[in-house]
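Take a look at the letters that make up each chain.
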Amino acid sequence: MMNIVLACQYGASTDLLAVKMQEAAKRLQLDAVINAYSFTRLEQVVDAADLVLLGPQIRFKKKALQEQFKDRNVEIMVVNTVDYGMLNGEKVLLDAIAEIQKNENRNSH
């Protein structure tokens, strides 16, 4: 099972995207847990995550969060702005899966 965490300033806007991603996962018959949080709650949820997706409005926090969680086995990426704005849950989900698979391949070598 994949565990994808979305994060934004307060967790509200990413919550809408998380719902769209959950719908896409169900439609594609994928086993995934997808939740949205304020970036301030990441410390509490990051250990269970395979990937943290940042909303475009907090992209400037990516480097600091990567540094903060460098000893954790989690990747952090920023959601594409257009996909985020269009609430394209399926595209964001597929991008997230590709990133998770890329990281699994990198870690297995």
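Quick caveat, the model's predicted, so the values are computed rather than measured.

## Points about the pattern of salt bridges
For the structure shown, the criterion picks out seven salt bridges. Close ionic contact of Glu 90 with Arg 27 constitutes a salt bridge, the shortest N to O distance being 3.0 Å. Here the residue Glu 90 occupies a position in helix H5 (residues 89-107), and Arg 27 occupies one in helix H1 (residues 12-27), the gap between them amounting to 63 residues. We note a salt bridge from Lys 70 to Glu 67, for which the minimum N-O separation is 2.8 Å. Glu 67 sits in the partly exposed class, given a relative accessible area of 48%.

## Here we look at the nonpolar core
Ranked by size, the top nonpolar core spans 21 residues in total, and within it Ile 4, Leu 6, Leu 17, Met 21, Ile 34, Leu 53 and Leu 93 carry the most contacts. Elements with a contribution of two residues or more to this core: strand S1 (2-8), H1, strand S2 (32-38), strand S3 (51-54) and H5. The contact partners of Ile 4, leaving out residues within four places of it in the chain, are Met 21, Val 33, Ile 34, Asn 35, Leu 51, Leu 53, Leu 93, Ala 96 and Ile 100. Listed in part, the 15 residues of the second largest apolar core include Leu 42, Val 45, Val 46 and Ile 76.

## Points about unusual backbone geometry
Of note in the backbone geometry, Gln 29 takes a positive phi value of approximately 55° without being a glycine. Examined against the element boundaries, Gln 29 turns out to sit in the loop between H1 and S2. By relative accessible area, which is 73% here, Gln 29 ends up exposed.

## Here we look at the sheet that holds strand S4 (residues 75-78)
In space, the four strands of this open sheet follow the order S2-S1-S3-S4, with parallel pairing throughout. Looking at strand neighbours, the two that pair on one side only are S2 and S4, the edges of this open sheet. When the angles between neighbouring strand axes are averaged without regard to direction, this sheet yields 25°. Summarising the sheet, S1 and S2 pair through seven bridges and their orientation is parallel. Residue pairing for S2: Cys 8 is matched across the bridge by Ser 38. Against the sheet, H1 touches S1, S2 and S3, its axis set at about 175° to S2.

## Considering the environment of Gly 89
Mapped onto the fold, Gly 89 is located in helix H5. Gly 89 gets classed as buried once you look at its relative accessible area, which sits at 4%. For the pair formed by Gly 89 and Asn 105, sequence separation is 16 residues and the distance between their alpha carbons is 24 Å. For Gly 89, the residues in contact, after removing those within four places along its chain, are Leu 17, Lys 20, Met 21 and Ala 24.

How each quantity is defined
- Residues numbered from 1 in each chain as written.
- Predicted model: local features only at pLDDT ≥ 70, side-chain atom pairs only at ≥ 80, totals over all residues.
- Heavy atoms only, no water.
- Salt bridge = Lys/Arg side-chain N within 4 Å of Asp/Glu carboxyl O.
- Helix = DSSP H or I, 4+ residues; strand = E, 2+ residues; numbered from the N terminus.
- Buried < 20%, exposed > 50% of the residue type's maximum accessible area, 1.4 Å probe, protein only.
- Core = buried A, V, L, I, M, F, W, Y, C linked by side-chain atoms within 4.5 Å.
- Contact = heavy atoms within 4.5 Å.
- Pairing = 2+ DSSP bridges.
- Axes fitted to C-alpha atoms, helices over the stretch in contact; angles between N-to-C directions.

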